[in-house]
Every structure is written in C-alpha cells, then in structure tokens.
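Structure at a glance
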Amino acid sequence: MSTRTLVSPATLARPRGKAVYWSVFTGTVLLFTLAFLFPVYWMVTGAMKSPDEVTRTPPTVVPEQWRLSGYTDAWDLMQLPTHLWNTVVQAAGAWLFQLVFCTAAAYALSKLRPVLGKVVLGGILATLMVPAQALVVPKYLTVADLGLLNDPLAIWLPAVANAFNLYLLKRFFDQIPRDVLQAAEIDGAGKPRILWSVVLPMSRPVLGVVSIFALVAVWQDFLWPLMVFSDTDRQPISVALVQLSQNIPLTVLIAAMVIAGIPMIAMFLVFQRHIIAGIGAGGSKG
C-alpha cells in the first residue's frame, strides 16, 4: 500500500522537484537551528560586551570588543564554585535516593504484585493532581520539625516522592516479559537478585531518562531551596544567582547564568543517546 504525500514521488524525481525540495528542507533546518541556537549565542556574547554596550538600543549582534572579564568576575564575585558544588551535592543525592527507592517501589508494584497494590498505585498517581505549590507549606513544616533546614537531606528526602518517575519505571517494568524472570527463578535467583541482575540491566534506557528528570528537577528548582537554605554558603546556584545579583553588573550576571547552564547542556549532550533510547523504549512492547 503506497503512502500519500504532499509531493508525489514523480515530482520529486525531476531535477526541478529535487532542487525545490532540498531548498525548502535546508531552509527549514537552518531556520529552526537559528531559532534554538541564537538565544544561546546572545547570552554567551552578551557576557563579553561592556555594560554600556549590552544595554544599547539598537543592540549589537557582535560585540565591539570581546571581553572575558565578565566570566572571570562572575566566577569570583558570585562565588560560583561554592554554589555549583552545593548544587552538585543536592542533585546527586536526590538522584541516588530517587533511583533507589523509586526503582524498588516500581519493581514491587509491577512484578511482586502486593496486596492492594493497585490502590497504592492509584494513591501515588493521585498526588500528580495536587499542585506542587500546595505541598510547599506541609513539606517545610515537616522538614523544620525534623531539624533538616540548611541540610541537603531537605532536598533529598522530598525528591524521593516522585510519582511521575515511579510510574514511568513501573510502565517499563510491566513490559519486561515474565518468561525472562521465570527463567531466572528456575536458576535459583531470588527477587532481589532478579532485580539487580536481570531487570536493572534491561532497564538502562528508562533509568537514564529518570536520571535526567531527577537531576534537572533539582538543578532548576528555586522556591524549595530558597525556603530551606537560609545560609547563603549552602544555597544552590539557582538561588544564589538571585540572592547575589544585587549591585552586580548585567554582563557579570549573564556570564553567571551561562556558567550555571553549562553542566546541564553537557549532561544532555553526553547522555542524549540514552534519553532518546529511553523515550523510544517507553512506547514499545517488551
């Protein structure tokens, strides 16, 4: 059965049709590339301009004089090494806690089939309907009662209760054939051994996706770290950029924002293959 397209194969086979097709295709790709990359270029070069030039109207597309002082000043004046390290610690702990507990819960709900498992899953998914802002006050009071203010545990523990990532893992585990697990049971493997040696190696794509979601959520969060970290030296980069932006030149602030975004961009470029594989695996049947 042939597929109907906007342009017929006969038209595309002609030299003029090929020229028009590739011209439109190249123009569309360049347009979208420009739309996505130009804001990045504007930020990177904006930090290299002088304070007067960056606020000039009309703006200059290319800096009149390339300066790196904005980046060096941002690194020193805004204490970026300290706040970046704080963010790394908070994001890594939240990722580890979430990966361990969400994976264990998803495996139990998917393969162990506990009593009232569907009720528990329904209650977990019901939390997705509650606005995140409505949970801020109860979470803060709980963290304050436990004495966890200005402590990374105030970020790690609430991050564990991520219903979306848990459901994503459960759906992936549901697609793993039971024949594979039964074969491991015949070989004498227990439930924990099956999870560690069979399920987790098969789940690398979705674990990569969950890892990205967990890290990005902590890296870009602002309201919750602002509430639980009153100590400036313990604040993550998202809060520090706002708290320390007073009396800071605009070029220095732009440079700090560029530096703060580099780790997430680098992580996506390194793990993009796993992200795409995880998204594709989530929509396929095992």
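Everything quoted here is computed from the prediction, not taken from an experiment.

**Some details on helix H11 (residues 191-202)**
- Its 12 residues give H11 an end-to-end C-alpha distance of 15 Å, which sits within 8% of 16 Å, the value for a rise of 1.5 Å per residue.
- For H11, the set of buried residues is Ile-194, Leu-195, Val-198, Val-199 and Leu-200.
- On its buried face, H11 sits against helix H5 (80-112), helix H9 (163-174), helix H10 (178-186) and helix H12 (204-220).

**Overview of the layout of surface pockets**
- What the largest pocket holds in volume is close to 900 Å³.
- What lines the largest pocket is a set of 29 residues, and nearest its centre among them are Ala-132, Lys-139, Pro-158, Ala-161 and Asn-162.
- Those elements that place two or more of their residues in the lining of the largest pocket are H5, helix H7 (136-145), helix H8 (153-160), H9, H12 and helix H13 (223-228).
- Forming the walls of the second largest pocket are 17 residues, and the residues nearest its centre are Met-43, Met-257, Val-258, Ala-260 and Gly-261.
- Put simply, the parts of the chain that give the lining of the second largest pocket at least two residues each are helix H2 (15-46), H12, helix H14 (237-243) and helix H15 (250-282).
- Ranked by residues supplied to the lining of the second largest pocket, first place goes to H15 with 7 residues.
- Broken down by class, the residue content of the lining of the second largest pocket amounts to 14 nonpolar, 3 polar and no charged.

**Here's the deal with the confidence of the model for the protein chain**
- Mean pLDDT over the protein chain stands at 85; residues scoring 70 or higher make up 91%.
- In this model residues 282-286 is a low-confidence stretch, pLDDT under 50, and it forms 5 contacts with partners more than four residues away in sequence or in other chains.

**Here we look at unusual backbone geometry**
- In the segment running from Thr-57 into Pro-58, the intervening peptide bond is cis, with an omega of -5 degrees.
- Positive phi outside glycine occurs at Gln-79, with the angle close to 50 degrees.
- Turning to its location among the elements, Gln-79 is positioned in the loop between helix H4 (69-77) and H5.
- Look at Gln-79 and you get partly exposed, because its relative accessible area is 37%.
- The backbone of Arg-113 sits at a positive phi, close to 50 degrees, despite the residue not being glycine.

**Here's the deal with the environment of Met-257**
- The residue Met-257 is located in helix H15 in this model.
- It is 9.4 Å that separates the C-alpha atoms of Met-257 and Ala-47, two residues lying 210 residues apart in sequence.
- The residues touching Met-257, leaving out its near neighbours within four places in the chain, are Met-43 and Leu-241.

**A closer look at the packing of H5 against H11**
- Their axes nearest at 12 Å, the elements H5 and H11 cross at an angle of 100 degrees. The angle between the axes of H5 and H11 places the two elements in the roughly perpendicular class. Between H5 and H11, the residues in contact are Thr-103, Tyr-107 and Leu-112 and Lys-191, Ile-194, Leu-195, Val-199 and Leu-200, respectively.
- Residues of the contact of H5 with H11, tallied by class, amount to 6 nonpolar, 1 polar and 1 charged.

**Let's talk about the packing of aromatic side chains**
- Tallied over the full model, the rule gives 6 aromatic pairs.
- When the ring of Trp-22 is compared with that of Phe-25, the centres are 5.6 Å apart and the planes differ by 90 degrees; the resulting orientation is edge-to-face. Here Trp-22 and its partner Phe-25 are both found in helix H2, 3 residues apart, which amounts to about one turn of the helix.
- The class for Trp-22 is partly exposed, based on a relative accessible area of 49%.
- Residues Phe-38 and Trp-42 carry aromatic rings whose centres are separated by 5.7 Å and whose planes lie at 40 degrees to one another, so their mutual orientation is tilted. Remark: Trp-42 and Phe-38 occur in helix H2; sequence separation between them is 4 residues, near one turn of the helix.
- Among the aromatic residues, ring-to-ring pairing joins Phe-38, Tyr-41 and Trp-42 into one connected group.

**Considering the packing of H11 against H12**
- It is the contact of H11 with H12, at a shortest axis distance of 5 Å, that shows an interaxial angle of 70 degrees. Taken together, H11 and H12 sit at an angle that is classed as roughly perpendicular. On H12, the residues touching Leu-200, Pro-201 and Met-202 of H11 are Arg-204, Pro-205 and Leu-207.
- Class assignment of the residues belonging to the contact of H11 with H12 gives a composition of 5 nonpolar, no polar and 1 charged.

So, how was this worked out
- Residues numbered from 1 in each chain as written.
- Predicted model: local features only at pLDDT ≥ 70, side-chain atom pairs only at ≥ 80, totals over all residues.
- Heavy atoms only, no water.
- Helix = DSSP H or I, 4+ residues; strand = E, 2+ residues; numbered from the N terminus.
- Expected span 1.5 Å × (residues − 1).
- Buried < 20%, exposed > 50% of the residue type's maximum accessible area, 1.4 Å probe, protein only.
- Contact = heavy atoms within 4.5 Å.
- 1 Å grid on protein atoms, 1.4 Å probe; cavity = no way out; pocket = protein on both sides within 12 Å on 5 of 7 lines; lining within 4 Å.
- Points joined across faces, edges and corners; volume = space filled by probe spheres on them.
- Nonpolar A, V, L, I, M, F, W, Y, C, P; charged D, E, K, R; others polar.
- pLDDT = per-residue confidence, 0-100.
- Axes fitted to C-alpha atoms, helices over the stretch in contact; angles between N-to-C directions.
- Parallel < 35°, antiparallel > 145°, perpendicular 65-115°, else oblique.
- Phe/Tyr/Trp six-rings, centres within 6.5 Å; stacked < 30°, edge-to-face > 60°.

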